[in-house]
Amino acid sequence: MLGERRAAILGLITDYYIKTGEPLGSKNLCQMLPYSISSATIRNEMAYLTAVGLLEQRHTSGGRVPTKSAYRYYVDTIMPRTELSPFEKQQINEVLSVNASDPERLLADAAGLLSELTGCAAFYSTVKDPLDCVQGVQLIPAGDGKAMLVMLSVGGKIKSSVCRLTCKPDKEFLTVFYGLMQKIIIGVPLGDINLSLIQSAAPLLGERVFDMLPILSSLCSLCKEAADGSLVINGETKLLSQSELGNNAYSILVLLAKKKKLEGLLNEFAKTNMKTALFIGDENPVYELKCTATAIAKFNYNRVQTATLGIIGSLRIDYKTILPRVDYIMKTVSDLLTEGGFKYE
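Residues numbered from 1 in each chain as written. Predicted model: local features only at pLDDT ≥ 70, side-chain atom pairs only at ≥ 80, totals over all residues. Heavy atoms only, no water.

1. Description of the packing of aromatic side chains
Evaluated as defined, the whole model comprises 3 aromatic pairs. Judged by centre distance (5.8 Å) and plane angle (40 degrees), the ring pair of Tyr71 and Tyr319 falls under tilted. One end of the pair, Tyr71, is in helix α4 (residues 68-78); the other, Tyr319, is in helix α13 (residues 319-339), and 248 residues separate them in sequence. Judged by its relative accessible area of 2%, Tyr71 falls in the buried class. You can call Tyr319 buried: its relative accessible area is 0%. For the ring pair Phe177 and Tyr178, a centre distance of 5.2 Å and an interplane angle of 75 degrees mean the geometry is edge-to-face. Each residue in the set Tyr71, Tyr74 and Tyr319 is aromatic and connected to the rest through ring pairs, giving one cluster. (Phe/Tyr/Trp six-rings, centres within 6.5 Å; stacked < 30°, edge-to-face > 60°. Helix = DSSP H or I, 4+ residues; strand = E, 2+ residues; numbered from the N terminus. Buried < 20%, exposed > 50% of the residue type's maximum accessible area, 1.4 Å probe, protein only.)

2. A look at the confidence of the model for the protein
Looking at the protein, pLDDT values average 89 and 97% of them are 70 or higher. Taking the mean pLDDT of every element in the protein, the minimum, 82, falls on helix α9 (residues 202-205) and the maximum, 96, on strand β8 (residues 276-280). Considering only residues more than four positions removed or in separate chains, one finds that residues 341-345, a stretch of pLDDT under 50, has 21 contacts. (pLDDT = per-residue confidence, 0-100. Contact = heavy atoms within 4.5 Å.)

3. Remarks on the pattern of salt bridges
Applying the stated rule across the entire model yields 16 salt bridges. In this structure, the salt-bridge partner of Arg6 is Glu45, at a minimum N-O distance of 2.7 Å. Remark: Glu45 occurs in helix α3 (residues 39-51) and Arg6 occurs in helix α1 (residues 4-20); sequence separation between them is 39 residues. For Arg6, a relative accessible area of 27% translates into the label partly exposed. With its nearest N and O atoms 3.3 Å apart, the salt bridge here joins Lys159 to Glu225. In this pair, Lys159 sits in strand β6 (residues 158-164) while Glu225 sits in helix α10 (residues 209-227), placing the two residues 66 residues apart along the sequence. Classification of Glu225 as partly exposed rests on a relative accessible area of 46%. Each of the salt bridges in this network shares a partner with another, and the network as a whole consists of Arg5, Arg6 and Glu45. (Salt bridge = Lys/Arg side-chain N within 4 Å of Asp/Glu carboxyl O.)

4. Quick notes on α1
With 17 residues, α1 extends 24 Å from end C-alpha to end C-alpha; this agrees with the ideal 24 Å at 1.5 Å per step. Within the sequence span of α1, burial applies to Ala7, Ile9, Leu10, Gly11, Ile13, Thr14, Tyr17 and Ile18. Positioned one or two residues after α1, Gly21 has a phi angle of 75 degrees, which is positive. (Expected span 1.5 Å × (residues − 1).)

5. Structural notes on the nonpolar core
The tendency in soluble globular proteins is for nonpolar side chains to be buried as a group. Residues Leu96, Phe299, Leu309, Tyr319 and Val333 are the most contacted members of the largest nonpolar core, which totals 42 residues. Considering each element in turn, this core owes the most residues, 10 residues, to α13. Setting aside residues up to four positions removed in sequence, Leu309 forms contacts with Leu107, Ala110, Ala111, Leu114, Phe123, Tyr124, Ala295, Ile296, Ala297, Phe299, Met330 and Val333. Membership of the second largest hydrophobic core comes to 32 residues, among which are Ile185, Ile193, Ile198 and Leu216. (Core = buried A, V, L, I, M, F, W, Y, C linked by side-chain atoms within 4.5 Å.)

6. Focus: the sheet that holds β8
Pairing within the open sheet is antiparallel, and its 5 strands lie in the order β7-β3-β10-β9-β8. Since the sheet does not close on itself, it has two edges, and those belong to β7 (230-234) and β8, each with one partner. Direction aside, neighbouring strands of the sheet carry axes that sit 15 degrees apart on average. As paired elements, strand β3 (residues 121-126) and strand β10 (residues 305-314) share 6 bridges and run antiparallel to each other. Bridge assignment links Thr126 to a residue of β10, and that residue is Ala307. Across the sheet, helix α12 (residues 260-270) touches β3, β7, β8, β9 (292-301) and β10, and the angle it forms with β9 is around 50 degrees. (Pairing = 2+ DSSP bridges. Axes fitted to C-alpha atoms, helices over the stretch in contact; angles between N-to-C directions.)

7. Section: the layout of surface pockets
Roughly 420 Å³ of internal volume is contained in the largest pocket. Forming the boundary of the largest pocket are 25 residues, of which Thr276, Leu323, Pro324, Val326 and Asp327 lie nearest the centre. Of all elements in the fold, only α4, β8, β9 and α13 reach the threshold of two or more residues within the lining of the largest pocket. Here the element with the most residues in the lining of the largest pocket is α13; it accounts for 8 residues. Residue composition of the lining of the largest pocket, grouped by class: 14 nonpolar, 3 polar and 8 charged. In terms of lining, the second largest pocket is formed by Asp15, Ile18, Lys19, Gln242, Ser243, Glu244, Ser314, Arg316, Ile317, Asp318 and Lys320. With 3 residues, the single largest contributor to the lining of the second largest pocket is α1. Grouping the constituent residues of the lining of the second largest pocket by class yields 2 nonpolar, 3 polar and 6 charged. (1 Å grid on protein atoms, 1.4 Å probe; cavity = no way out; pocket = protein on both sides within 12 Å on 5 of 7 lines; lining within 4 Å. Points joined across faces, edges and corners; volume = space filled by probe spheres on them. Nonpolar A, V, L, I, M, F, W, Y, C, P; charged D, E, K, R; others polar.)

8. Topic: the environment of Asn194
Inspection of the secondary structure puts Asn194 in the loop between α7 (171-185) and α8 (195-200). In this structure Asn194 comes out as partly exposed when scored by relative accessible area, which is 33%. For the pair formed by Asn194 and Lys224, sequence separation is 30 residues and the distance between their alpha carbons is 7.9 Å. Only 3.2 Å separates the side chain of Asn194 from the backbone nitrogen of Ser196, close enough to count as a polar contact. Polar side-chain contacts of Asn194 include one of 3.0 Å to the backbone nitrogen of Leu197. (Polar contact = N/O pair within 3.5 Å; in protein donor to acceptor, adjacent residues only side chain to side chain.)

Below is the structure:
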């Protein structure tokens, strides 16, 4: 634990570097401290902070900059805790309440808002659940030979698509359709709904089998999409404007484009007891993210469903401004999942 003076020096150097990207020397630091202290004393304190791994000097005659360890100490010990203004909270609430009853759309809205308010890349993921089943299917005639097909899973996933029909969706057609749903679709795991299952239903459809095929094929696609875990990334190009990343920005963008390693990280995080985490620098389990600050939140809802939400930015993100926004958005998502009937644990 650092003393008050050393903590103040480390805090000023970290704040200055986050703001400017430039090292801070002892002469300028003298003028920034709220009390009088000699340059020699400051240099001694800076030398100590360097020796314990919290500061580094990139050039012999240059000032000091924070190390990766310094950012962790700064966030945990030095950084002042601030609350969002009522106006900021209201803006966030308005955006997130639009799709509060649809978990995936809520997460998508939250990721977009995170990217916008933090200037970082944001992401959300839903973890594959082999036990999730079809809870309901609805076919809504839309005119002009089309209908909207909507599928709801027990885990709260809602998927929809527009289907082109080969016949009029009259009362008899809809009766056959919903009868089939009750017999072979409702209550079946999403991953088990495939073309083989649909083909087994042919005897139940009789002469209407060809009329139903376009809809049933669309239903298979919707169920497959819902069964697979998803990872959606928002605002990844914003990382290019974070100069601290330098050449590392390219490897991070490749990581985000391929998704596999990030999916692995999120799946492993979903298995832990942690609800939130902030990985700074080398704390990141993924090599390509060791030059970043990565925040992740996990949501367990409706007993068996799991999702994650987070941001990826450089080590020089404005922690004082960004972390309160991230915390509030993640808490609001948690509250809305609960209010929308999806239990957050």
